[in-house]
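These are the residues of each chain, in order.
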Amino acid sequence: MNKPRVLIAEELSPATVEALGPDFEIRHCNGADRTELLSAIVDVDAVLVRSATKVDAEALAAAKRLRVVARAGVGLDNVDVRAATQTGVMVVNAPTSNIVSAAELAIALLLAAARHLSPAHASLRSGEWKRSRFTGIELFEKTLGIVGLGRIGVLVAQRLAAFGMNVIAYDPYVQAGRAAQMGVRLVDLDTLLAESDFISVHLPKTPETVGLIGADELARAKPSLVLVNAARGGIVDEAALYAALKEGRIAAAGVDVYAKEPCTDSPLFELENVVATPHLGASTDEAQEKAGVAVARSVRLALSGELVPDAVNVQGGVIAEDVRPGIPLTEKLGRIFTALAGEVAQQVDVEVRGEITEYDVKVLELAALKGVFTDVVEDPVTYVNAPLLAAERGTAVRLVAEAESPDHRNLITIRGTLADGSQVSVGGTLVGIAQRERLVSVNDFPVDLEPTDHLAFFTYADRPGMVGTVGRILGDSNVNIAGMQVSRDSKGGHALVALSVDSAIPPEALAEIEQAIDATSLRAADLV
């Protein structure tokens, strides 16, 4: 069989090719050369780019067999995501590859602007020794305002808190409780502008954020303000920033990004109180290697039909950051569901409740189906073929999304109807800052259990001694219990024992338990 063809359109780290492995035919071109790109992209399955290659509607139309566009970095300004979606091409990026590098550069600009390092360096190189001219200010006990408390903003907040700074932030999409956990006080933009001694911008560039900080906003800032933009050009109005700096209405600025790039003739470059760099946020060896390796892995997944966690357009929609942690949990719930059912369900409902329903959660339906059929069919189950497998087996699938979730911030439940009319269900959630996976319901019995590799569920008539019997049999079989939950519908009614164990339970031990406790239902789920 012919190997899938991958076009690398810009210089990427050698680790990128290594991460792709030997399963692909690797081609190279200069993506900045339009003619060369349009010729090279015609018959490839995937293209890897950085920022210089424009993958627009014209390039997508020329690509007859393209399945994946991979941007080795964060920003997607050079990729027409809408056109890619319309033509069925997956777009992936490396959203966390450069966050440390970008955060560190923002802090470097902030420190350099606060201590006048750029003009002091230029003065000394020209033969001058003028210490008093470059007196700066300390960060200690000053107020830092972060505009955009995303991944990079959080890293900046953590690092500058260690300088003894008081950190406030503006981000309408972050809850005050989450910010408080990081020691950050959420405020509105006007308050941030009025209180901040330093401001660092960390927002994506969208129609809503372009020009967010302009002349009116800068007029409300302190004259001593040091403003840093290492996010995206255009979020801070460059003309307004120049005027405020020139007239002394703010003190200094650090700028790494520009409304139009490359930029070599901005009026900002004339000012001594500006530290400017040519979009260096991701320009570290570490960030470039992380980005290349991340997108190479994504290409491998995409070309094998798997769902890619870093895909930005799946099923025609974007996978929101708050939804992504639920994908592996939902797939695991699907496998547990199949173990509980013991057969293919006629109807499967994927119920999603809570805050994440503000976003498109269609991907969780795919994750559930992949899990449901993973242990049913011999062939590999992917996010591409899982819906087809359901249709072939006559399984009707429905996604139910409801904002209200009384007991959990977010709750994912897979509920199905079997051929005899009985129902099976399993529910899970993610808890804490670490987003730990927990099983919270099994066949409507409430539980609280980590979904480990080896699980077992026993249902029986509630009566004394059963838990001890189960423990004794497992002990005799040298099976160690990692966690156990006992739940019942009523005193003396039906009871459920849910177990996580360190190794698979031998069939003979399961049979002994079933007989010893007169189990009405006994199921084991091995997820390795």
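Below you will find a few notes about this structure. Not measured: the values here are computed from a predicted model.

## What to know about the nonpolar core
Now for step 1: If you look at the biggest cluster of nonpolar residues, it comprises 47 residues, and the most contacted ones within it are Phe337, Leu364, Leu439 and Phe457.
Now for step 2: Ranked by residues supplied to this core, first place goes to helix H14 (residues 362–374) with eight residues.
Now for step 3: What phenylalanine 337 contacts, discounting residues up to four positions off in sequence, is Ala345, Val348, Val372, Ile414, Arg415, Gly416, Val424 and Val426.
Now for step 4: Ala112, Ala114, Leu149 and Leu160 belong to the second-largest nonpolar core, a separate cluster that totals 31 residues.

## Here's the deal with the environment of threonine 135
Now for step 1: Turning to its location among the elements, threonine 135 is positioned in the loop between helix H6 (117–125) and strand S6 (143–147).
Now for step 2: Within the structure, the side chain of threonine 135 is placed 3.2 Å from the backbone oxygen of serine 132, a separation counted as a polar contact.

## Some points on the packing of helix H16 (residues 466–476) against helix H17 (residues 507–516)
Now for step 1: Where H16 contacts H17, the two axes come as close as 10 Å, and the packing angle between them is 160°. With respect to H17, the element H16 is oriented roughly antiparallel. Crossing angle aside, the handedness with which H16 passes H17 is right-handed. Seen from H16, the contacting residues are Thr469, Val470, Arg472, Ile473 and Leu474; seen from H17, they are Ala509, Glu512, Ile513 and Ala516.

## Some words on the sheet that holds strand S17 (residues 436–442)
Now for step 1: Taken in spatial order, the six strands of this open sheet run S14-S13-S15-S16-S17-S18, and their pairing is mixed. One side of each edge strand has no neighbouring strand; the edge strands of this open sheet are strand S14 (396–402) and strand S18 (445–449). Across the sheet, the mean angle separating the axes of adjacent strands is 20° when strand polarity is ignored.
Now for step 2: Running at roughly 155° to strand S16 (residues 423–431), helix H13 (residues 326–341) makes contact with strand S13 (347–354), strand S15 (410–417), S16 and S17 of the sheet.

## Digging into H14
Now for step 1: Taking 1.5 Å of rise per residue, 13 residues should cover 18 Å, and H14 covers 19 Å from first to last C-alpha, within 8% of that figure.
Now for step 2: In terms of residue burial, H14 counts as a mostly covered element, since eleven of its 13 residues are buried.
Now for step 3: Of the residues making up H14, those classed as buried are Val363, Leu364, Glu365, Leu366, Ala367, Ala368, Leu369, Lys370, Gly371, Val372 and Phe373.
Now for step 4: The elements touched by buried residues of H14 are H13, S13, helix H15 (386–392), S14 and S15.

## Some thoughts on the sheet that holds strand S3 (residues 46–49)
Now for step 1: Strand order across the open sheet formed by five strands is S2-S1-S3-S4-S5, with parallel pairing between neighbours. This sheet does not close on itself; its edge strands, each paired only once, are strand S2 (25–28) and strand S5 (90–92). Going from strand to strand, the sheet's axes swing by 20° on average, the running direction of each strand aside.
Now for step 2: When S3 meets strand S4 (residues 68–71), the two strands line up parallel, connected through four bridges. Within S4, the position partnered with valine 49 by the bridge is arginine 71.
Now for step 3: Those strands touched by helix H12 (residues 285–303) are strand S1 (5–8), S3, S4 and S5, and its axis lies near 165° from that of S4.

## Notes on a negative patch on the surface
Now for step 1: A cluster of acidic side chains, namely Glu18, Glu104, Asp285, Glu286 and Glu289, defines a negative patch on the protein surface.
Now for step 2: For the negative patch, the element with the most residues is H12, which contributes three residues.
Now for step 3: Here aspartate 285 lies in helix H12.
Now for step 4: With relative accessibility at 67%, the residue aspartate 285 sits in the exposed group.

## Here's the deal with unusual backbone geometry
Note: most peptide bonds trans; most residues except glycine with negative phi.
Now for step 1: Residue proline 262 is bonded to the preceding glutamate 261 through a cis peptide linkage, with omega at 0°.
Now for step 2: One non-glycine residue, asparagine 443, adopts positive backbone phi at about 50°.
Now for step 3: In this structure asparagine 443 comes out as partly exposed when scored by relative accessible area, which is 28%.
Now for step 4: In this structure, asparagine 478 takes a positive phi of about 60° despite not being glycine.
Now for step 5: Considering the arrangement of structural elements, one finds asparagine 478 in the loop between H16 and strand S20 (481–488).
Now for step 6: Here asparagine 478 falls in the exposed class, since its relative accessible area comes to 69%.

## What to know about the pairing of strand S21 (residues 494–501)
Now for step 1: For S21, the tally of buried residues reaches seven of eight residues, placing the bulk of the element in the interior.
Now for step 2: As judged from the eight bridges shared by strand S19 (residues 454–461) and S21, these two strands associate in the antiparallel manner. Along S21, the bridge assignment pairs alanine 456 with leucine 499.
Now for step 3: Sheet topology places S20 next to S21; seven bridges connect them, and they run antiparallel. The partner of isoleucine 481 across the bridge, within S21, is valine 501.

## Structural notes on the environment of leucine 139
Now for step 1: Summarising the element assignment, leucine 139 is placed in the loop between H6 and S6.
Now for step 2: Leucine 139 sits in the buried class, given a relative accessible area of 6%.
Now for step 3: Taking C-alpha positions, leucine 139 is 23 Å from lysine 246, a pair spaced 107 residues apart along the chain.

What counts and what doesn't
- Residues numbered from 1 in each chain as written.
- Predicted model: local features only at pLDDT ≥ 70, side-chain atom pairs only at ≥ 80, totals over all residues.
- Heavy atoms only, no water.
- Core = buried A, V, L, I, M, F, W, Y, C linked by side-chain atoms within 4.5 Å.
- Buried < 20%, exposed > 50% of the residue type's maximum accessible area, 1.4 Å probe, protein only.
- Helix = DSSP H or I, 4+ residues; strand = E, 2+ residues; numbered from the N terminus.
- Contact = heavy atoms within 4.5 Å.
- Polar contact = N/O pair within 3.5 Å; in protein donor to acceptor, adjacent residues only side chain to side chain.
- Axes fitted to C-alpha atoms, helices over the stretch in contact; angles between N-to-C directions.
- Parallel < 35°, antiparallel > 145°, perpendicular 65-115°, else oblique.
- Left-handed = near helix turned anticlockwise from the far one by under 90°.
- Pairing = 2+ DSSP bridges.
- Expected span 1.5 Å × (residues − 1).
- Patch = residues over 30% accessible without salt bridge, like charges linked within 9 Å, V, L, I, M, F, W, Y side chains within 5 Å.
- Areas by Shrake-Rupley, 256 points an atom, 1.4 Å probe, with all protein chains shown as cover.
- Salt bridge = Lys/Arg side-chain N within 4 Å of Asp/Glu carboxyl O.
- Lys, Arg positive; Asp, Glu negative; His and termini not counted.
- Charge placed at Lys NZ, Arg CZ, Asp CG, Glu CD.

None of the figures reported here should be taken as evidence of function without further support.
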